[in-house]
Amino acid sequence: MPTSNIIEHEPAYLLHHRPYSETSQIINLFTQQYGRVDLIAKGSKRPKSKFKSFLQPFLPIRVSWSGRSKLKTLREVEVTGVYIEKIKGKHLMSAFYLNELILSFLTVADPYPDLFTDYSNAITGLSDAANIEIVLRKFELSMLSEIGYAINFDTEAMSSKNIQAKESYIFYPEQGFRLTNDSNATKTIIKGSEIKAIKNQDFSSPNILRAAKKILRLSIEHHLDGKELNSKKVFQSITSKK
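Q: Could you clarify how one ought to interpret the pairing of strand S5 (residues 72–79) in this entry?
A: Along any regular strand, the residues point their side chains to alternate faces of the sheet. By the bridge criterion, two bridges tie strand S3 (residues 35–41) to S5 in an arrangement that is parallel. Its bridge partner being in S5, isoleucine 40 is matched across the sheet by threonine 73. In terms of strand pairing, strand S4 (residues 61–66) meets S5 through six bridges, oriented antiparallel. Each residue of the ladder has a partner; that of valine 63, found in S5, is valine 77. Hairpin connection between S4 and S5: a loop of five residues separates the two successive antiparallel strands, and glycine 67 in this loop has a positive phi of roughly 135 degrees.

Q: How should the pairing of strand S7 (residues 176–179) be read in this particular structure?
A: Summarising the sheet, strand S6 (residues 168–172) and S7 pair through four bridges and their orientation is antiparallel. Paired with tyrosine 169 across the strands is leucine 179, a residue of S7.

Q: Looking at this structure, how should I read the sheet that holds strand S1 (residues 6–19)?
A: Around the barrel, which closes on itself, the five strands sit in the order S1-S2-S3-S5-S4 with mixed pairing between neighbours. Across the sheet, the mean angle from the axis of one strand to that of its neighbour is 55 degrees, orientation sign disregarded. Sheet contacts for helix H1 (residues 89–105): S1, strand S2 (25–31) and S3; angle to S1, the most-contacted strand, approximately 105 degrees. Lying on the sheet, helix H2 (residues 113–128) is in contact with S1 and S2; it crosses S1 at an angle near 60 degrees.

Q: In this structure, what is going on with the packing of aromatic side chains? I would like to understand it.
A: Each aromatic ring pair is described using two quantities: the centre-to-centre distance and the angle formed by the ring planes. Under the counting rule described, the total for this entry stands at nine aromatic pairs. Ring centres of tyrosine 13 and phenylalanine 116 lie 5.7 Å apart, and the angle between their planes is 50 degrees; on these two criteria the pair is classed as tilted. Note that tyrosine 13 is positioned in strand S1 and phenylalanine 116 in helix H2, a separation of 103 residues in sequence. Taking relative accessible area as the criterion, tyrosine 13 reaches 5% and is therefore assigned buried. Ring geometry for phenylalanine 30 against tyrosine 119: centres 5.8 Å apart, planes inclined by 80 degrees, an arrangement best described as edge-to-face.

Q: How should the packing of helix H4 (residues 192–199) against helix H5 (residues 206–224) be read in this particular structure?
A: Contact geometry for H4 and H5: axes closest at 9 Å, N-to-C directions at 80 degrees. By the angle between their axes, H4 is roughly perpendicular relative to H5. Touching Glu194, Ala197 and Ile198 of H4 are Asn207, Ile208, Ala211, Ala212 and Ile215, all from H5. In terms of residue class, the contact of H4 with H5 is built from six nonpolar, one polar and one charged.

Q: Would you explain H5 in this entry?
A: Along an α-helix, residues three or four positions apart point the same way, because every turn accommodates 3.6 residues. With 19 residues, H5 should cover 27 Å at 1.5 Å per step; its first-to-last C-alpha distance of 26 Å lies within 8% of that length. Next to the buried residues of H5 lie H1, helix H3 (132–146), S6, S7, strand S8 (189–191) and H4. Of the residues flanking the start of H5, the one acting as N-cap is serine 205, its side-chain oxygen 3.2 Å from the backbone nitrogen of asparagine 207. Downstream of H5 by one or two residues, aspartate 225 has phi in the positive range, about 55 degrees.

Q: Explain the packing of H1 against H2 to me, please; I cannot follow it from the model alone.
A: Helix-helix packing is characterised by the crossing angle of the two axes and by the distance between the axes. Two elements in contact, H1 and H2, have axes separated by 9 Å at closest approach and are oriented at 165 degrees. In this view, H1 runs roughly antiparallel relative to H2, as classed from their interaxial angle. Of the two elements, H1 crosses H2, and the hand of that crossing is right-handed. Each of His91, Ser94, Ala95, Leu98, Asn99 and Ile102 in H1 lies in contact with H2, whose residues at this interface are Tyr119, Ala122, Ile123 and Leu126. Taken together, the residues of the contact of H1 with H2 sort by class into seven nonpolar, three polar and no charged.

Q: In this structure, what is going on with the environment of asparagine 99? I would like to understand it.
A: Here asparagine 99 is to be found in helix H1. Note: C-alpha distance between asparagine 99 and leucine 15 (84 residues apart in sequence) is 5.4 Å. Once residues lying within four places of it in the same chain are set aside, the contact partners of asparagine 99 are Leu14, Leu15, Phe58 and Tyr119.

Q: Help me understand the pattern of salt bridges, please; the structure alone is not making it clear to me.
A: Side-chain pairs of opposite charge can arise where the charged atoms are in close proximity. Here the structure, examined in full by the defined rule, presents six salt bridges. Taking the shortest distance from any N to any O, the salt bridge between arginine 36 and aspartate 38 comes out at 3.4 Å. The residues arginine 36 and aspartate 38 share a single accessibility class, namely buried. In this structure, glutamate 133 and lysine 213 form a salt bridge, with 3.7 Å as the shortest nitrogen-oxygen distance. With glutamate 133 in helix H3 and lysine 213 in helix H5, this residue pair connects regions lying 80 residues apart in the sequence. Its relative accessible area of 22% is what places glutamate 133 among the partly exposed residues. The class for lysine 213 is partly exposed, based on a relative accessible area of 29%. It is possible to trace a salt-bridge network through shared partners that takes in Glu133, Arg137, Glu140 and Lys213.

The rules behind these values
- Residues numbered from 1 in each chain as written.
- Predicted model: local features only at pLDDT ≥ 70, side-chain atom pairs only at ≥ 80, totals over all residues.
- Heavy atoms only, no water.
- Pairing = 2+ DSSP bridges.
- Helix = DSSP H or I, 4+ residues; strand = E, 2+ residues; numbered from the N terminus.
- Axes fitted to C-alpha atoms, helices over the stretch in contact; angles between N-to-C directions.
- Contact = heavy atoms within 4.5 Å.
- Phe/Tyr/Trp six-rings, centres within 6.5 Å; stacked < 30°, edge-to-face > 60°.
- Buried < 20%, exposed > 50% of the residue type's maximum accessible area, 1.4 Å probe, protein only.
- Parallel < 35°, antiparallel > 145°, perpendicular 65-115°, else oblique.
- Nonpolar A, V, L, I, M, F, W, Y, C, P; charged D, E, K, R; others polar.
- Expected span 1.5 Å × (residues − 1).
- Polar contact = N/O pair within 3.5 Å; in protein donor to acceptor, adjacent residues only side chain to side chain.
- Left-handed = near helix turned anticlockwise from the far one by under 90°.
- Salt bridge = Lys/Arg side-chain N within 4 Å of Asp/Glu carboxyl O.

Below, the structure written as structure tokens:
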């Protein structure tokens, strides 16, 4: 990976920002070749700042920065795409959920160019997806695989025995799928056929999609180690009032 102190025109998305001073902000970016990057955007809170209108979530941008410390300084921002105004309601909360996943799981300066592409596709997909759950499940699968937490959909836990379509299994995070014959088990039972479909990202059946959500939720919550995502809490609060 390049080690220059000056990086120019790097494709990126804004994930989050917070105040740094009366006029400046710290911004968290997801970039194509440098992964997560934290920058100081000097003067970005001023009404006439050249950065202000460009630093928006879900807007494809190119950024230039410089600096030797962990916290670099933003130099330039240019827009390379169109802000997706259709991301509203549940779609918008889902997009913020993706941002929180990246902030929670990716360490600063570790490059994930393939995941960057998947994120870009997911953001675009959320603008017109008939079923946002499919977009979310595909990104979650991709992210877990990229960061080294891939789920083994091929064989049983602690075994080389292949998953069988006609059998039933219980999923244990960090272990995998264990065969079960107990239809009254307190853990969620997943059919072997559903496991195989999830591996192939075949979400054509509502049952498969529900199974994928259960599996991925268990895995993500396990790796978050007790941390609760803000976007999830907000979404639950909104839906509980309806």
